[in-house]
Amino acid sequence: MVDKAEFSSQFYHPKYWLIWFGVALMRLTQLLPLPMQMSIGKGIGRLAKLLAGSRVNTAKRNIELCFPELSAQEQAQLLTRNFEETGKAIFDIANAWWWSNDKVQQHMTIKGQEHVEQTIASGQGVILFAVHCLPLEMGARIFGQFQPGIGVYRPHNNPLMEYLQVNGRLRSNKGLVPKRDLRQMVRSLRNPDVIWYTADQDFGRSSAVFIPFFNVPDAATITGATTLAKLGKAKVLPFFVERNADDNGYTIEIQAPLDNFPGENEVEDAIRGNKIVESIIDRNRAQYMWLHRRFKTRPNKEDLSLYR
């Protein structure tokens, strides 16, 4: 488990100066009120939509596949709003990493924290069943105000970026566990503790079942929630976070533990999990990370890509 951000003198090397320049700019934005940050972020998102051709196509295709009932105009509007929200997410990350606890508490609303407290008090670990909503980084920081847990993350390839993300995420977590370290996750749950878990991205064929996700009948979906809940003797609690409509704060909501989870069949559990993911996304579709190629893995290797 990673419980400390290790600074290295190599970070003074000129090859890292551009990153440090970006950090300095983002630290300066901490002086701005949140609505002003979000206004700037909205503009950044619109600019990105003009420049990020392949990502725009990916998000557009995901929306088409998931919501065919929407008109072409409604899909286009959702795509534009999603890029605006993506631009705002730059400031969500900066705020999550650098705001003081007092400032976080001035801009947060928490619902359902009693479900976490009751589960931990009963001696069982908590699996926060989350999705890749754009303000997720701030969601973790808010959650850490009352129950710091264990963050599951992907180590960054760039050493300086790894230092920055570890340092930032330890503001709200006791420690961080690489996403492939199942043993440490289970150990943490049996402690008992809280870990974050997401099952809404495409991690390839080897560990996936192909089940419905919105209107795509065969989306590659991992079944790790079942394994973690069984081995960790833990409860699964759906987790929702959004940036408020007025752009002046954040809300998280933790729902009650799922009944009869895990069940007898991991595929049925995964289908149930995808339904929960859909319900969370539907609460604020524009703030979901549609830039990910969610449907890149097809049931058969010879199947045509959905992103042609």
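Look a little higher up for the structure.
Calculation notes
- Residues numbered from 1 in each chain as written.
- Predicted model: local features only at pLDDT ≥ 70, side-chain atom pairs only at ≥ 80, totals over all residues.
- Heavy atoms only, no water.
- Helix = DSSP H or I, 4+ residues; strand = E, 2+ residues; numbered from the N terminus.
- Rg over C-alpha atoms; globule rule 2.2 N^0.38 Å.
- Contact = heavy atoms within 4.5 Å.
- Areas by Shrake-Rupley, 256 points an atom, 1.4 Å probe, with all protein chains shown as cover.
- Lys, Arg positive; Asp, Glu negative; His and termini not counted.
- Charge placed at Lys NZ, Arg CZ, Asp CG, Glu CD.
- Core = buried A, V, L, I, M, F, W, Y, C linked by side-chain atoms within 4.5 Å.
- Buried < 20%, exposed > 50% of the residue type's maximum accessible area, 1.4 Å probe, protein only.
- Pairing = 2+ DSSP bridges.
- Right-handed = clockwise from strand over helix to strand, strands pointing away.
- Patch = residues over 30% accessible without salt bridge, like charges linked within 9 Å, V, L, I, M, F, W, Y side chains within 5 Å.
- Salt bridge = Lys/Arg side-chain N within 4 Å of Asp/Glu carboxyl O.
- Phe/Tyr/Trp six-rings, centres within 6.5 Å; stacked < 30°, edge-to-face > 60°.
- Lys NZ or Arg CZ within 6 Å of the ring centre and 35° of its normal.

Engineer: Which residues make up the overall build of the protein chain, and what are the values?
Structural biologist: If you tally the helices and strands in the protein chain, you get eleven helices and nine strands. Over its C-alpha atoms the protein chain spans a radius of gyration of 19 Å, differing by no more than 12% from the 19 Å that the globule rule assigns to 308 residues. In terms of its C-alpha atoms, the protein chain occupies a principal-axis envelope of roughly 50 × 50 × 40 Å. Restricting the contact set of the protein chain to residue pairs at least 6 apart, pairs at least 24 apart contribute 78%. If you sum the accessible surface of the protein chain, you get close to 14,900 Å²; carbon and sulfur atoms cover 52% of it. Separation of charge centres in the protein chain, based on 38 positive and 31 negative side chains, amounts to 5 Å.

Engineer: I'd like to hear about the nonpolar core, residue by residue, with values.
Structural biologist: By size, the foremost hydrophobic cluster in this structure holds 86 residues, and its most contacted members are Phe 143 and Phe 239. Considering every element that reaches this core, the biggest residue donor is helix H4 (residues 72-98), with eight residues. Contact partners of Phe 143, with chain neighbours within four places excluded, come to Val 116, Leu 128, Val 194, Trp 196, Phe 239, Ile 252 and Ile 254.

Engineer: Lay out the pairing of strand S3 (residues 149-153) in plain terms, naming residues and giving numbers.
Structural biologist: Counting buried positions over the five residues of S3 gives four, a clear majority of the element. Looking at chain direction, S3 and strand S4 (residues 173-178) are connected through five bridges and run parallel. When the sheet's bridge partners are listed, Ile 150 is paired in S4 with Gly 175. Read as a crossover between parallel neighbours, the route from S3 over helix H8 (residues 159-169) to S4 is right-handed.

Engineer: Before we move on, could you go through the environment of Asp 102 and cite the residues and values that matter?
Structural biologist: Looking at the element boundaries, Asp 102 is found in helix H5 (residues 101-106). Judged by its relative accessible area of 53%, Asp 102 falls in the exposed class. In sequence terms Asp 102 and Gln 145 are 43 residues apart; their C-alpha atoms lie 9.8 Å from each other.

Engineer: Lay out a positive patch on the surface with the relevant residues and their values.
Structural biologist: Taken together, the side chains of Arg 55, Arg 154, Lys 179, Arg 180, Arg 293 and Lys 296 present a region of like positive charge at the surface. Summarising the element assignment, Arg 293 is placed in the segment after helix H11 (266-282). A relative accessible area of 35% means that Arg 293 is categorised as partly exposed.

Engineer: Can you break down unusual backbone geometry residue by residue, with the values?
Structural biologist: Residue Pro 192 follows Asn 191 across a cis peptide bond; omega there is -5°. Its place among the elements puts Pro 192 in the loop between helix H9 (182-189) and strand S5 (194-198). Residue Pro 262 follows Phe 261 across a cis peptide bond; omega there is 5°. At Lys 233, a residue that is not glycine, the phi angle is positive and equals roughly 50°. Structurally, Lys 233 can be placed in the loop between helix H10 (224-232) and strand S8 (234-243). We classify Lys 233 as exposed; its relative accessible area is 54%. One non-glycine residue, Asp 247, lies in positive phi territory at about 60°. With respect to the secondary-structure elements, Asp 247 resides in the loop between S8 and strand S9 (250-254). Residue classification places Asp 247 among the buried positions, given a relative accessible area of 15%.

Engineer: I'd love a proper account of the packing of aromatic side chains, names of residues and values included.
Structural biologist: Taken as a whole and judged by the stated rule, the model has 17 aromatic pairs. Ring geometry for Phe 143 and Phe 239: centres 6.3 Å apart, planes at 80°, overall edge-to-face. With a gap of 96 residues between them, Phe 143 in helix H7 (residues 136-143) and Phe 239 in strand S8 connect regions that are remote in the sequence. As far as the burial class goes, Phe 143 and Phe 239 line up, both buried. Aromatic ring contacts, followed pair by pair, group Phe 67, Phe 213, Phe 214, Tyr 288, Trp 290 and Phe 295 into a single cluster. Here the guanidinium or amino end of Arg 285 rests over the ring plane of Phe 67, the centre of that ring lying 3.8 Å away.

Engineer: Quick one: what's the story with the side chain of Gln 201, residue by residue and with numbers?
Structural biologist: Residue placement: Gln 201 occurs in the loop between S5 and strand S6 (208-213). Take Gln 201: its relative accessible area is 13%, and that puts it in the buried class. Setting aside anything within four residues of it in sequence, one finds Gln 201 in contact with His 132, Ala 220, Met 289, His 292 and Arg 294.

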